[in-house]
Amino acid sequence: MSWGFERGRIYNRRADIHGRFNGQQRGGIVTPAEHAVIVIFTGEEGEAHGYSDRWRDDGVFEYFGEGQIGDMVMQKGNRAIAEQAVNGKSILLFKILPNGVEFEGEMICEGYQTRRAPDRAGNMRDAFVFELRPIDNVTTVVDDILPATDNLAELRKRAFAAATPAPGKAKSTATVFERSRDVRDYVVARAKGHCEGCTQSAPFLRTNGVPYLEPHHIRRLTDGGPDDPRFVIALCPNCHRRVHSGADGAEYNGKLLLSMKAIEA
Ligand SMILES: [Zn+2]
Ligand SMILES: [Zn+2]
């Protein structure tokens, strides 16, 4: 379940998506102003290889950006997807069927490539092909957090580089797993053994001696995937469960977002 959507279930675009989030009623990429989601739609697979959305053997979904005529432009929906690591939004993928839209899952954007492909008029143009992966396959493995080194500054540098791809660089050479790990390792090291929510000491040590804290993505409902260290906080298990399962979870999460301003000024 992601945002209450169940994989494989068929929804009504107008009622279940626009009725809930608003957002653009037309087009393949919906970026509601009031919600931290990007809803994307894909048609049936088919057409010539390389010219349409498709699942690759390595588990990546290739998703063509928006722009029907001429070169695609990195703005609006395309930009929202490309900058997911920084904007912290959830990408929800739906497949268009004759009787509705089927929820395919929550995705994370690993990067994108620019590819020559025909536009709607049949002219070759530059198209953005986003490389998306189901977030479930990039779940944060919290068992291999590295022992904190003395060099927090270096960890921090790596974490910020992982979150923000260099300008003009279409695709980071590091995999999303590596980038995600860089952020996580830094966030836990930054906490120096204390929960960044309640400030209590971590309740116990990991087998490798690292204080047990869990990285929590403040702006996303799902932990895992690429993110920005300014919005990932290290929590003790109690605080983490409180955010996700507590009656005051949303409120507490809001408080964490505020305290992040001081933690990562
Ligand atoms: Zn705590
Ligand atoms: Zn969390």
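Structure's up top.
Please read all numbers here as calculations on a predicted model, not as lab measurements.

Side note on the layout of surface pockets
Here is step 1: Of the pockets and cavities examined, the largest pocket occupies roughly 750 Å³.
Here is step 2: Along the walls of the largest pocket sit 25 residues, with F64, G65, G67, Q68 and R125 positioned nearest its centre.
Here is step 3: Looking at side-chain class alone, the lining of the largest pocket contains nine nonpolar, eight polar and eight charged residues.

Side note on the environment of F94
Here is step 1: Following the sequence through the fold, F94 ends up in strand β6 (residues 90-97).
Here is step 2: Judged by relative accessible area, which is 0%, F94 ranks as buried.
Here is step 3: Taking the C-alpha atoms as reference points, F94 and I10, 84 residues apart in sequence, are found 9.0 Å from one another.
Here is step 4: With near-sequence residues (within four places) excluded, F94 lies in contact with F5, Y11, I17, V39, I40, F41, T42, V101, E102, F103 and E104.

Structural notes on the packing of helix α6 (residues 237-245) against helix α7 (residues 249-263)
Here is step 1: Viewed as axis vectors pointing N to C, α6 and α7 meet at an angle of 120°, and their least axial separation amounts to 6 Å. Here α6 lies oblique to α7, going by the angle between them. In the packing of α6 onto α7, the handedness of the crossing is left-handed. Judged by residue contacts, C239, R242 and V243 of α6 engage G249, Y252, N253 and L256 from α7.

Quick notes on the pairing of strand β3 (residues 37-42)
Here is step 1: Among the six residues of β3, six are classified as buried, and the element is accordingly described as predominantly covered.
Here is step 2: Side chains V37, V39 and F41 of β3 all project onto a buried face; the interleaved residues I38, I40 and T42 project onto the opposite face, where all are buried too.
Here is step 3: Relative to β3, strand β2 (residues 29-30) runs antiparallel, the two sharing two bridges. Considered in β3, the bridge of I29 is made with I40.
Here is step 4: Linkage of β2 to β3, two consecutive antiparallel strands, is achieved through a turn of six residues.

Brief notes about the side chain of H216
Here is step 1: Assignment of secondary structure puts H216 in strand β9 (residues 214-217).
Here is step 2: Relative accessible area serves as the criterion here: at 1%, H216 is assigned to the buried category.
Here is step 3: At a separation of 3.2 Å, a polar atom in the side chain of H216 contacts the side chain of H244.
Here is step 4: Other than its neighbours up to four places away in sequence, H216 contacts D223, F231, V232, I233, L235, H240, V243, H244, N253 and L256.

Conventions adopted
Residues numbered from 1 in each chain as written. Chains lettered and ligands numbered in written order. Predicted model: local features only at pLDDT ≥ 70, side-chain atom pairs only at ≥ 80, totals over all residues. Heavy atoms only, no water. 1 Å grid on protein atoms, 1.4 Å probe; cavity = no way out; pocket = protein on both sides within 12 Å on 5 of 7 lines; lining within 4 Å. Points joined across faces, edges and corners; volume = space filled by probe spheres on them. Nonpolar A, V, L, I, M, F, W, Y, C, P; charged D, E, K, R; others polar. Helix = DSSP H or I, 4+ residues; strand = E, 2+ residues; numbered from the N terminus. Buried < 20%, exposed > 50% of the residue type's maximum accessible area, 1.4 Å probe, protein only. Contact = heavy atoms within 4.5 Å. Axes fitted to C-alpha atoms, helices over the stretch in contact; angles between N-to-C directions. Parallel < 35°, antiparallel > 145°, perpendicular 65-115°, else oblique. Left-handed = near helix turned anticlockwise from the far one by under 90°. Pairing = 2+ DSSP bridges. Polar contact = N/O pair within 3.5 Å; in protein donor to acceptor, adjacent residues only side chain to side chain.

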